[in-house]
Amino acid sequence: AAGTDWHCWVADDSGVIAAHLWLKLIEKVPNPAPELEQHAYITNVYTAPAARGTGLGEQLMEAALAFCRQERVDSVILWPTERSRTLYA
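*Asks:* What am I meant to see in the pairing of strand β2 (residues 16–27) here?
*Replies:* Put simply, side chains in a regular strand alternate between the two faces of the sheet. Pairing of strand β1 (residues 6–13) with β2, which is carried by eight bridges, proceeds in the antiparallel orientation. By the bridge assignment, Asp12 is partnered in β2 with Ile17. Two successive antiparallel strands, β1 and β2, enclose a turn made up of two residues, where Ser14 displays a positive phi of approximately 55°. Sheet topology note: the β2/strand β3 (residues 38–47) ladder contains eight bridges and is antiparallel. Bridge assignment links Ile26 to a residue of β3, and that residue is His39.

What follows is the structure, given as structure tokens:
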């Protein structure tokens, strides 16, 4: 949403959402170390069953990580399920 730290990527298949990924930018507590001051939290990654295995999830992850590089994010945080670990690997 405009004016918030939330960002969403959506894969559209003929007007139907086939996959999505949500990311929240989180400002880090400042410290004297020479490091970037922003984290990103990826959550609510979903691909519709009919679209699984097509690479949509990987494309959304690549887009989100490119955004993180552009925004100078220090680290990206997520909590994968056992089933989703291959996507994030």
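*Asks:* Explanation requested: the nonpolar core in the structure shown.
*Replies:* Soluble, globular proteins show a tendency: their nonpolar side chains are buried together. Counting 17 residues, the largest nonpolar core has Trp9, Leu21 and Leu23 as its most contacted members. Looking at this core, the elements that each hand over two or more residues are β1, β2, β3 and α1 (56–70). Of all the elements, α1 adds the most residues to this core, at six residues. Discounting residues that sit within four places of it in the chain, Leu21 has contacts with His7, Cys8, Trp9, Ile42, Thr43, Asn44, Val45, Leu60, Met61 and Ala64.

*Asks:* I tried to follow the environment of Val16 on my own but got confused; where do I start?
*Replies:* Structurally, Val16 is set in strand β2. Val16 gets classed as exposed once you look at its relative accessible area, which sits at 52%. Along the chain, Val16 and Ala48 lie 32 residues apart, while their C-alpha atoms are 9.9 Å from each other.

*Asks:* In this structure, what is going on with the packing of aromatic side chains? I would like to understand it.
*Replies:* Describing an aromatic ring pair means giving the distance of the ring centres and the angle of the ring planes. Taken as a whole and assessed by the stated rule, the structure comprises three aromatic pairs. Seen in terms of ring centroids, Trp6 and Trp22 are 6.2 Å apart; in terms of plane orientation they differ by 75°. Their pairing is edge-to-face. Linking Trp6 in strand β1 with Trp22 in strand β2, this pair joins segments that are 16 residues apart in sequence. Measuring from ring centre to ring centre gives 5.4 Å for Trp9 and Phe67, while their planes differ by 65°; the resulting arrangement is edge-to-face. Of the two residues, Trp9 is situated in strand β1 and Phe67 in helix α1; the sequence distance between them amounts to 58 residues. Each of the two residues, Trp9 as well as Phe67, counts as buried.

*Asks:* Quick question: what am I supposed to make of the sheet that holds strand β4 (residues 75–77) here?
*Replies:* By way of backbone hydrogen bonds, the strands of a sheet pair with one another, either parallel or antiparallel. Judged by pairing direction, the sheet is mixed, and its four strands sit side by side in the order β1-β2-β3-β4 without closing on themselves. The open sheet has two edge strands with one neighbour each: β1 and β4. This sheet shows a mean twist of 25° between the axes of neighbouring strands, independent of strand direction. Note: β3 against β4, three bridges, orientation parallel.

*Asks:* Any chance you could explain the side chain of His39 here in plain terms?
*Replies:* Topologically, His39 is positioned in strand β3. Engagement of the side chain of His39 in a polar contact is seen with the side chain of Ser75, the distance being 2.6 Å. Among all residues touching His39, those that are not within four sequence positions of it are Lys24, Leu25, Ile26, Lys28, Val73, Asp74, Ser75 and Ile77.

What counts and how
- Counting starts from 1 at the beginning of each chain's written sequence and moves along it residue by residue.
- Where local features are concerned, this predicted model is filtered to residues with pLDDT of at least 70; where side-chain atom pairs are given and counted, the filter is 80 or more; whole-chain, interface and lining totals use all residues.
- As a rule here, side-chain values cover all heavy atoms of the structure and leave hydrogens and water aside.
- When DSSP finds two or more bridges between a pair of strands, those strands are recorded as paired.
- Put simply, DSSP H or I for four residues or longer makes a helix, DSSP E for two residues or longer makes a strand, and each gets a number counted from the N terminus.
- Take the buried residues of types Ala, Val, Leu, Ile, Met, Phe, Trp, Tyr and Cys, join any two whose side-chain atoms come within 4.5 Å, and each joined set is a nonpolar core.
- Each residue gets one of three labels from its accessible area relative to the maximum for its type: buried under 20%, exposed over 50%, partly exposed in between, using a 1.4 Å probe on protein chains only.
- Whether two residues are in contact is decided by their heavy atoms, any of which lying within 4.5 Å being enough.
- Side-chain rings of Phe, Tyr and Trp, where Trp is taken by its six-membered ring, are said to pair if the distance between their centres is within 6.5 Å; with planes under 30 degrees apart they count as stacked, over 60 as edge-to-face, and otherwise as tilted.
- Only the contacting stretch of a helix is used when fitting its axis, a line to C-alpha atoms as for every element, and angles between N-to-C directions run 0 to 180 degrees.
- Here a polar contact means two N or O atoms within 3.5 Å. Within protein one must be a hydrogen donor candidate and the other an acceptor candidate, and residues neighboring in sequence count only if both atoms are side-chain atoms.

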